[in-house]
Amino acid sequence: MASTTTGLPDRYRPIDRVGPDETTETGVIQCWRAKDRVLNRDVAVRVHTPAGPAAHGWITRALTAGGLATPALAMVYDASEGRAGDDDSPGGAAYVVNEWIDGETLADRLRSGPMPEREVRLVLRRLAEGVAEAHRAGLAVGGLTLDNVVLRPNGLVGLRAVPAAAGTFDGDVTALGALLEACLTGTGPGARPLNGPSDLVALARRARSSEPGQGLSSVAAMAALLAERPRTGPTPQPANRGDDGDGRRRRLRDRRPEAAEADERDDDPVRLEPGTLPPVPQLPRVRPVTTGAPLPAGALGGDTVDASALERSGAAQEDGSFGMLPAGARDEADSGEDEYDDEDGAGRHRLVVVGLPLLALAIVIGLAFWFGSSVLSVTGSVDEDPGSTPSATAPSGDAGEPAPADGPTATVSAAQVFDPFGDGEPENDDEVPLTYDGDPATTWSTLSYRGSPAFGNLKPGVGILYDLGSAQALSGVSLASPVPGATVEIRTAEDAGEQLDDFAVAGDETLGTETEVAFDEATTARYVLVWVTGLVDGADGFSAQLGEVGFRTAG
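These notes cover the structure that comes with them. Within every chain, residues take consecutive numbers counted from 1 along the sequence as written. The model is predicted, so local features are restricted to residues of pLDDT at least 70 and side-chain atom pairs to those at 80 or more, both for listing and for counting; the totals for chains, interfaces and linings are taken over all residues. Each side-chain value is worked out from all heavy atoms of the structure, with water and hydrogens disregarded.

Brief notes about the packing of aromatic side chains
For the record, the criterion: A pair of Phe, Tyr and Trp rings is counted when the ring centres sit within 6.5 Å of each other, with Trp represented by its six-membered ring. The angle between the planes then sorts it: under 30 degrees is stacked, over 60 is edge-to-face, the rest tilted. Each residue is assigned to one of three classes by its accessible area relative to the maximum for its type, calculated with a 1.4 Å probe on protein chains only: buried under 20%, partly exposed between the two thresholds, exposed over 50%.
Enumeration according to the criterion identifies seven aromatic pairs in this entry. Ring geometry for Y449 against F455: centres 5.2 Å apart, planes inclined by 75°, an arrangement best described as edge-to-face. There is no split in this pair, since Y449 and F455 are both buried. Among the aromatic residues, those joined into a cluster by ring pairs are F418, F421, F503 and W531.

Below you can see the structure in the form of structure tokens.
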């Protein structure tokens, strides 16, 4: 039997129409919420009219989408091209069956105003990562509209109507840019002009830009930019160099115009008349010495003459002026100058030979004294405070909000599996204490799921709820896992809750062997939920493991 209303096989029972009709070049696509009678679950069934060859291109795209496994895109469960001209007969319709995604559409969410910055980054990043996965498989998704994007109750995001009838890679980039801009502005009465973090505003404009060299190259690039942590610190201003460099030299030139002009005049060539001899430089004045015993000329300097070694004559004796130097006096002076030069040169040589080693020895002694005093100082501080070690200066980062300082590790008083979306089957509850026994080699593991890392599309996640005994200020959580790759959220609350929304998201991360999830600010909580949202493929299916979980208090 078949559903004669839409020409679907009897397995799918339509419940109600969902969303507007999607007009394509080959026909019209209508979407229905339906019940899968075999697996007893809700599904989304989209029907292409007419069936047959006209729907061939769309069905081919759906078969490509069937190989994808990402929580951001609705899974494709079934597809059929149908029979041309026989749309209403049993099984004659062309249809694609998708996973049904419950939640609030992005269009409904934005009617009340823009989303907070943290939520914008999280939603758009996860959506872009899903679309990038489709692009790597060669599929342009299409259909990236506010009505098709659904905010799941567990904090994840999903895209209905996968794939659209048509799409392009560049069109997906532009559509994500439009979604980002709508999240920053809101829609309806609560809408406001485009504003918000500068990097998000610039990213939205780049994604929508059609100018060569200004747009984004791919959706993967957009996802990478959204994954980066925003830099909130003030931009350092360049140092004021008004007193250095060229400015200082200009002021010096302004203060000495006469000297600059004199320098220019000195450098100019001088034209001489024919037959004129060049000017002779002026010799330094002779400095007479008239007292004491005669000194060697070398001791007085090359231009100084001992006045007592000169004879007075004539008018020179009467008026005190000096005459010419006797012939023998010049030779004696030259001889004395040579002897002094030899002695002076030997003295300088001795000074170099003896002085340099002494200087080097003094430097070595000074360095040894400084090094010894530093080591003794550090050793003394360690001896005075047993068990302490010298602290290294933390490297300076961006000058923004300081991260909460770490304090001692909080003690876990109790823990249990948190599985509000489960079917009652235990998720290895007896292994939970192994996650805080101090041994990373002992682990807790989820059950193994088939078909999808999103828990086989059966539920949004599972976690462990830790009770710290009392409300404490926390700065972050450390996690160890022998199988990296799973995705987790850290949620906190001061009271034990029964629903996922009772716990506020404090951070999210992809697990490595050792993972630190630092909170943006200190969070006061008694209960901490480690919520696993994505699993890792293994030999027996998709699963996740936690080896050791620690909770850092804020110092």
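Quick word on the packing of helix α3 (residues 117-136) against helix α6 (residues 219-227)
The criterion, for reference: Axis angles are defined between N-to-C directions and span 0 to 180 degrees, where every axis is a line fitted to C-alpha atoms and, for a helix, only to the segment in contact. Elements are defined by DSSP. Helices are runs of H or I of four residues or more, strands are runs of E of two residues or more, and each kind is numbered from the N terminus. Orientation labels follow simple angle bins: below 35 degrees gives roughly parallel, above 145 gives roughly antiparallel, 65 to 115 gives roughly perpendicular, and whatever is left gives oblique. Two helices that cross are described as forming a left-handed crossing if the nearer one is turned anticlockwise from the farther one by less than a right angle, and a right-handed crossing if clockwise. Two residues qualify as a contact provided that any one of their heavy atoms is within 4.5 Å of a heavy atom in the partner residue. Side-chain classes follow a simple rule in which Ala, Val, Leu, Ile, Met, Phe, Trp, Tyr, Cys and Pro form the nonpolar group, Asp, Glu, Lys and Arg form the charged group, and the remainder, Gly included, forms the polar group.
Here α3 crosses α6 at 150°, and the two axes come no closer than 8 Å. When the axes of α3 and α6 are compared, the pair comes out roughly antiparallel. Handedness of the α3/α6 crossing: left-handed. Residues L124, R125, A128, E129, V131, A132, H135 and R136 of α3 form the contact with α6, whose participating residues are V219, A220, A223, L226 and A227. Within the contact of α3 with α6, the residues separate by chemical class into nine nonpolar, one polar and three charged.

Considering the packing of α3 against helix α4 (residues 169-185)
It is at 11 Å that the axes of α3 and α4 come closest, and there the two elements cross at 170°. Judged by the angle between their axes, α3 and α4 are roughly antiparallel. Side by side, α3 and α4 meet where V120, L124, L127, A128, V131 and H135 of the first sit next to F169, D172, L176, L179, L180, C183 and L184 of the second. Partitioning the contact of α3 with α4 into residue classes produces 11 nonpolar, one polar and one charged.

What to know about the pattern of salt bridges
In plain terms, the rule: Basic side-chain nitrogens of Lys or Arg form a salt bridge, by our definition, when they fall within 4 Å of a carboxyl oxygen of Asp or Glu.
Scanning the entire structure with this criterion turns up 21 salt bridges. A salt bridge links R208 to E181, with the nearest nitrogen and oxygen atoms 3.1 Å apart. One end of the pair, R208, is in helix α5 (residues 198-208); the other, E181, is in helix α4, with 27 residues separating them in the sequence. Here the salt bridges do not stand alone but share partners, grouping R33, K35 and D42 into one network.

Side note on the sheet that holds strand β11 (residues 157-159)
Applicable threshold: At least two bridges found by DSSP between two strands is the condition for calling them paired.
In space, the three strands of this open sheet follow the order β9-β10-β11, with antiparallel pairing throughout. The outermost strands of the open sheet, each flanked by one partner alone, are β9 (104-105) and β11. Two strands pair when backbone bridges link them, and β9 and strand β10 (residues 149-151) are joined in this way by two bridges, in the antiparallel orientation. The residue of β10 that forms the bridge with E104 is L151.

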